[in-house]
Amino acid sequence: DGGITQSPKYLFRKEGQNVTLSCEQNLNHDAMYWYRQDPGQGLRLIYYSQIVNDFQKGDIAEGYSVSREKKESFPLTVTSAQKNPTAFYLCASSSWTSGTGELFFGEGSRLTVL
Amino acid sequence: AQSVAQPEDQVNVAEGNPLTVKCTYSVSGNPYLFWYVQYPNRGLQFLLKYITGDNLVKGSYGFEAEFNKSQTSFHLKKSSALVSDSALYFCAVCFEGNTGKLIFGQGTTLQVKP
């Protein structure tokens, strides 16, 4: 089935460690996104990519990094520079050429810093 | 600045009664408007969208929403609530074509009681 796969679903990290969250899609979508969700704050955009080997910062990119080496994959690294990384992270994709903005979301990854 | 507001943190309704989840927006130009639903510890699921055309938009699971340009609103409605509709609902908006910058409201928890 077509969709977006995020892994791991749950992740625990010690302070000072970098962690990488995986996001893979087989929808042949051009655009991919990473959002952070905190209770009562909705979703905030971290990074997005509209094409392979190109990506743009969102509203809260500090302390995060991404790569887009393949159309299907858009991993997010949460670095030790991110001061408050405990959150629910959501990856999404959309067909850029359709231009209608409908996002397809993965099931999310919950990161907890110990 | 572009923004979207969901004025109610929580909406409580009895099963079988009509429900409304409110959303207002502020965006220059023609808005693209969306509703998504999220069940606990899951990703977001697309419900419906307004791009252009009829102000009343019908979506998944019997939900509909009405675009009101003069009131800058896009309220989500259903004529008869189900207990299974209980979830977190997000309104989102972007400026036409700029789907890389979808802005989400903070979310409204819908609680449907038997």
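Residues numbered from 1 in each chain as written. Chains lettered and ligands numbered in written order. Predicted model: local features only at pLDDT ≥ 70, side-chain atom pairs only at ≥ 80, totals over all residues. Heavy atoms only, no water.

A.B. asks: What exactly am I supposed to notice about the environment of A:Lys70 here?
C.D. replies: Residues and elements named next belong to chain A. Examined against the element boundaries, Lys70 turns out to sit in the loop between strand S7 (64-66) and strand S8 (76-78). The exposure class assigned to Lys70 is partly exposed, which follows from its relative accessible area of 46%. For the pair Lys70 and Phe55, spaced 15 residues apart in sequence, the C-alpha to C-alpha distance is 12 Å. (Helix = DSSP H or I, 4+ residues; strand = E, 2+ residues; numbered from the N terminus. Buried < 20%, exposed > 50% of the residue type's maximum accessible area, 1.4 Å probe, protein only.)

A.B. asks: Sorry, what's going on with the interface of chain B and chain A here?
C.D. replies: Reports of interface size often rely on the accessible area that becomes lost once the parts have come together. In this complex, chain B contributes 21 residues to the contact, which on the side of chain A involves 24 residues. For the pair chain B and chain A, the summed buried area comes to about 1800 Å², and 50% of that belongs to carbon and sulfur atoms. At the boundary of chain B and chain A, one finds two salt bridges. Here A:Glu107 makes a salt bridge to B:Arg42, at a shortest N to O gap of 2.2 Å. The interface formed by chain B and chain A contains five residue pairs in polar contact (both at pLDDT 80 or more). Of all the elements, strand S5 (residues 31-38) of chain B adds the most residues to the side of chain B that touches chain A, at four residues. Taken together, the residues of the side of chain B that touches chain A sort by class into ten nonpolar, eight polar and three charged. (Contact = heavy atoms within 4.5 Å. Buried area = accessible area lost by both parts, 1.4 Å probe. Salt bridge = Lys/Arg side-chain N within 4 Å of Asp/Glu carboxyl O. Polar contact = N/O pair within 3.5 Å; in protein donor to acceptor, adjacent residues only side chain to side chain. Nonpolar A, V, L, I, M, F, W, Y, C, P; charged D, E, K, R; others polar.)

A.B. asks: Explanation requested: the packing of aromatic side chains in the structure shown.
C.D. replies: Evaluated as defined, the whole model comprises 15 aromatic pairs over all chains. Judged by centre distance (5.9 Å) and plane angle (70 degrees), the rings of B:Tyr36 and B:Phe46 are edge-to-face. Of the two residues, B:Tyr36 is situated in strand S5 and B:Phe46 in strand S6 (residues 44-50); the sequence distance between them amounts to ten residues. For B:Phe46, a relative accessible area of 23% corresponds to the partly exposed category. Here the aromatic cluster, defined as three or more aromatic residues joined through ring pairs, consists of A:Tyr33, A:Tyr35, A:Tyr48, A:Phe105, B:Phe34, B:Tyr36, B:Phe46, B:Phe90 and B:Phe104. Directly above the ring of A:Phe74 sits A:Arg68, whose terminal nitrogen or CZ lies 6.0 Å from the centroid. (Phe/Tyr/Trp six-rings, centres within 6.5 Å; stacked < 30°, edge-to-face > 60°. Lys NZ or Arg CZ within 6 Å of the ring centre and 35° of its normal.)

A.B. asks: What am I meant to see in unusual backbone geometry here?
C.D. replies: Most peptide bonds take the trans configuration, and most residues that are not glycine carry a negative phi. Of note, the bond from A:Ser7 into A:Pro8 is cis; its omega dihedral lies within 30 degrees of zero at -10 degrees. In this structure, A:Pro8 sits in the loop between strand S1 (4-7) and strand S2 (10-13). Even without a glycine there, the phi angle at A:Asn28 is positive, about 60 degrees. When you line up the elements, A:Asn28 lands in the loop between strand S3 (19-25) and strand S4 (31-37). Positive phi, normally seen in glycine, also occurs at B:Asn41, with a value near 55 degrees. Judged by relative accessible area, which is 36%, B:Asn41 ranks as partly exposed.

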